[in-house]
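Here are the chains, one letter per residue:
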Amino acid sequence: MKKICVINTGGTLSMRQSESGYRPSPGYLASQMANMDELSQSPMPEFDLLEYEPLVDSSNMTPHIWRKIANDIEERHTAYDGFVVLHGTDTMAYSAAALAFMLDGLSRPVILTGAQLPLGQIRNDARENLKTAMVLAANYQIPEVGLLFGDHLFRGCRSTKVSATRFDAFDSPNYPPLATVGTSIEIFEENLRLAKPPPARLQVKPIETTEVAAFRLFPGMSIDILHHLLQRPLKGIILETFGDGNGPTENREFLDAISSATEAGMVILGCTQCLHGEMTQGSYATGTALTEAGVIPGRDMTIEAALTKMQFLFSQNFSINQIREKIGQNIVGEISTITD
Ligand code: ASP
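Numbering of residues starts from 1 in every chain and runs along the sequence as written. This being a predicted model, a pLDDT of at least 70 is required before a residue's local features are given, and a value of 80 or more before pairs of side-chain atoms are given or counted; all residues contribute to the totals for chains, interfaces and linings. As a rule here, side-chain values come from all non-hydrogen atoms in the structure, and water together with hydrogens is ignored.

### Considering the site of the ligand
Thinking step 1. Neighbouring the ligand are the residues Gly11, Thr12, Met15, Asp57, Ser58, Gly88, Thr89, Asp90 and Ala115.
Thinking step 2. Think of a polar contact as two N or O atoms within 3.5 Å of one another; within protein, one of them needs to be a possible hydrogen donor and the other a possible acceptor, and neighboring residues in sequence only count if both atoms come from side chains. Residue Asp57 places a side-chain N or O atom 3.0 Å away from a nitrogen atom belonging to the ligand.
Thinking step 3. Within the side chain of Asp90, an N or O atom sits 2.8 Å from a nitrogen atom of the ligand.
Thinking step 4. Burial of the ligand by the surrounding chains reaches 90%, relative to a free accessible area of 270 Å².
Thinking step 5. In this count, Pro and Cys sit with the nonpolar residues alongside Ala, Val, Leu, Ile, Met, Phe, Trp and Tyr, while Asp, Glu, Lys and Arg are called charged and the others, Gly among them, polar. Tallied by class, residues from the shell around the ligand come to 2 nonpolar, 5 polar and 2 charged. For this description, a residue counts as near a given molecule or strand if any of its non-hydrogen atoms is within 4 Å of it. Throughout, the Shrake-Rupley method with a 1.4 Å probe supplies accessible areas, and for residues the shown protein chains are the sole cover considered.

Dropping the structure here:
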């Protein structure tokens, strides 16, 4: 019989109502799962539950907890057929991307899921998401970090939260789903990553650097504020540009702020503010000027993947030039390659 490990980090799925709103509730998930008869029926796997202490609302997620999840998976990697990570929806896309970068040599499914309404509510999405994630983690060859929500399994590092209320809360705007979940589960093998061939083994690569930021361009933004942001200890920044990679290039102060930060060794990556599509930074003169000022095109990466990738690269002892080169290149399927 297949066996998986369910790691509960917190989030709405296992929360209970309190006077101040939903709160994590230690032990509650285990008691709810004990009453779910369907968990003992095929195709449900055997499972061990690992509950974190403390459980967190994912607004309180940290790189320290990412490290704990990654280490726990590494220690148990060959003992289980797969892993389910229960996580709040608010920062699930960040954690999914971070874990994808950290779990080098992963050969088992790691499926993140959560819910918009907790298990204890009469009407909820928690039960289906939990059961489907468990079935996927146990019974399919998915050697990567996926995010299961509603009807879709997405690549973790391509996912983004698109709704605060809908049951289909996530999307993967620039990469097709890994699987769809309806009356049957359909896996799209051609969209999956290939596991590294043996003797590769899972190795956790840390994320420790936090001196990165994201800055959204908008008409009327203060260049003074941008100047203040582009100072040490900041090491790298995601510039959320307009459309396919454009900025207010008539504003000389803006371009000067960007080019002097580049000269001072800052890594500046451009991503688009649009949900869908690619930032190429070359179709308009307003984009080309950004490239000339040192902005590296982040192409079709999500902001979540771009931020965690920057944290990841700065944590690996690469030189600034190596980071500038690697940040625009594919590592774990987070960015489309030119031939895709
Ligand atoms: N605030 C909650 C969290 O991210 C929201 C959720 O889980 O849906 O933990």
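### Concerning the side chain of Thr9
Thinking step 1. What counts as a helix is a DSSP run of H or I of at least four residues, what counts as a strand is a run of E of at least two, and both are numbered from the N terminus. Relative to the elements of secondary structure, Thr9 occurs in strand 1 (residues 3-10).
Thinking step 2. Of note is the side chain of Thr9, whose polar atom sits 2.6 Å from the backbone oxygen of Leu86.
Thinking step 3. Here, residues are in contact when the closest pair of their heavy atoms is within 4.5 Å. If near-sequence neighbours (up to four positions away) are discounted, Thr9 is found in contact with Tyr52, Leu55, Val56, Met61, Ile69, Val85, Leu86 and His87.

### Looking at helix 2 (residues 63-76)
Thinking step 1. Its 14 residues place the ends of helix 2 20 Å apart at the C-alpha level, agreeing with the 20 Å of an ideal helix rising 1.5 Å per residue.
Thinking step 2. Among the residues of helix 2, those classed as buried are Ile65, Trp66, Ile69, Ala70, Asp72 and Ile73. Down the axis of helix 2, the smallest arc covering the buried residues is 160°, so these residues share one side. In helix 2, the exposed positions angled more than 90 degrees off the buried face are occupied by His64 and Glu75. Expected span of a helix: the number of residues minus one, times 1.5 Å. For the exposure calls, accessible area comes from a 1.4 Å probe over protein chains only, and a residue counts as buried if that area is under 20% of its type's maximum, exposed if over 50%, partly exposed in between. Arc definition: directions from the helix axis to the C-beta atoms.

### What to know about the packing of helix 2 against helix 3 (residues 92-102)
Thinking step 1. Across the interface, helix 2 lies against helix 3 with an axial gap of 10 Å and an inter-helix angle of 50°. Between helix 2 and helix 3, the interaxial angle falls into the category oblique. Crossing of helix 2 against helix 3: the hand is right-handed. Taking contact as the criterion, the partners of Trp66, Arg67, Ile69 and Ala70 in helix 2 are, on helix 3, Tyr94, Ser95, Ala98, Leu99 and Met102.
Thinking step 2. The class makeup of the residues in the contact of helix 2 with helix 3 is 7 nonpolar, 1 polar and 1 charged. Each axis is a line fitted through C-alpha atoms, taken for helices only over the stretch in contact, and angles between the N-to-C directions span 0 to 180 degrees. Roughly parallel here means an angle under 35 degrees, roughly antiparallel means over 145, roughly perpendicular means 65 to 115, and every remaining angle is called oblique. The crossing is said to be left-handed when, going from far helix to near helix, the turn is anticlockwise and less than a right angle, and right-handed when the turn is clockwise.

### Comments concerning the sheet that holds strand 16 (residues 236-241)
Thinking step 1. The sheet built from 4 strands is open, its strands ordered 15-16-17-18 with parallel pairing. Looking at which strands have only one partner, the edges of the open sheet turn out to be strand 15 (212-216) and strand 18 (296-297).
Thinking step 2. Two strands pair under a simple rule: DSSP has to find at least two bridges between them. In terms of strand pairing, strand 15 meets strand 16 through 5 bridges, oriented parallel. For Phe215, the partnering residue across the bridge sits in strand 16 and is Leu239.

### Quick notes on the packing of helix 3 against helix 8 (residues 303-314)
Thinking step 1. Axis separation between helix 3 and helix 8 bottoms out at 9 Å; the angle between their running directions is 40°. Taken as axis vectors, helix 3 and helix 8 run oblique relative to one another. At the point where helix 3 passes helix 8, the crossing takes the right-handed sense. From helix 3, Ala93, Tyr94, Ala97, Ala98, Phe101 and Met102 reach across to helix 8, where they touch Glu304, Ala305, Leu307, Thr308, Lys309 and Phe312.
Thinking step 2. For the contact of helix 3 with helix 8, a count of residues per class yields 9 nonpolar, 1 polar and 2 charged.

### What about the environment of Leu313?
Thinking step 1. Structurally, Leu313 is set in helix 8.
Thinking step 2. The buried category is assigned to Leu313, whose relative accessible area is 0%.
Thinking step 3. Each C-alpha atom, one on Leu313 and one on Arg324, is 9.5 Å from the other, the two residues being 11 residues apart in sequence.
Thinking step 4. Apart from residues lying up to four places away in sequence, Leu313 is in contact with Phe318, Ile323, Lys326, Ile327 and Ile331.

### Brief notes about the sheet that holds strand 5 (residues 82-86)
Thinking step 1. Pairing is mixed across the open sheet formed by 8 strands, whose spatial order is 4-1-5-7-8-9-12-13. The open sheet is flanked by strand 4 (46-56) and strand 13 (185-187), the only strands paired with a single partner. Strand after strand, the sheet turns through a mean of 20° between neighbouring axes, direction not considered.
Thinking step 2. Sheet analysis places strand 8 (residues 145-149) next to strand 9 (residues 152-155), joined by 4 bridges and oriented antiparallel. Bridging from a neighbouring strand, Leu148 pairs with Leu153 of strand 9.
Thinking step 3. Its contacts with the sheet place helix 3 against strand 7 (110-113) and strand 8, and it is angled at close to 160° to strand 8.

### Overview of unusual backbone geometry
Thinking step 1. Going from Glu53 to Pro54, the amide bond is cis rather than trans, its omega being 5°.
Thinking step 2. Relative to the helices and strands, Pro54 resides in strand 4.
Thinking step 3. At the junction of Arg232 and Pro233, the peptide bond is cis and its omega measures out at 10° in the coordinates.
Thinking step 4. By the element assignment, Pro233 lies in the loop between helix 5 (223-229) and strand 16.
Thinking step 5. Within the chain, Asn317 stands out as a residue other than glycine whose phi angle is a positive 60°.
Thinking step 6. Tracing the backbone shows Asn317 in the loop between helix 8 and helix 9 (320-326).

Everything listed here is a matter of geometry and, on its own, says nothing about what the molecule does.
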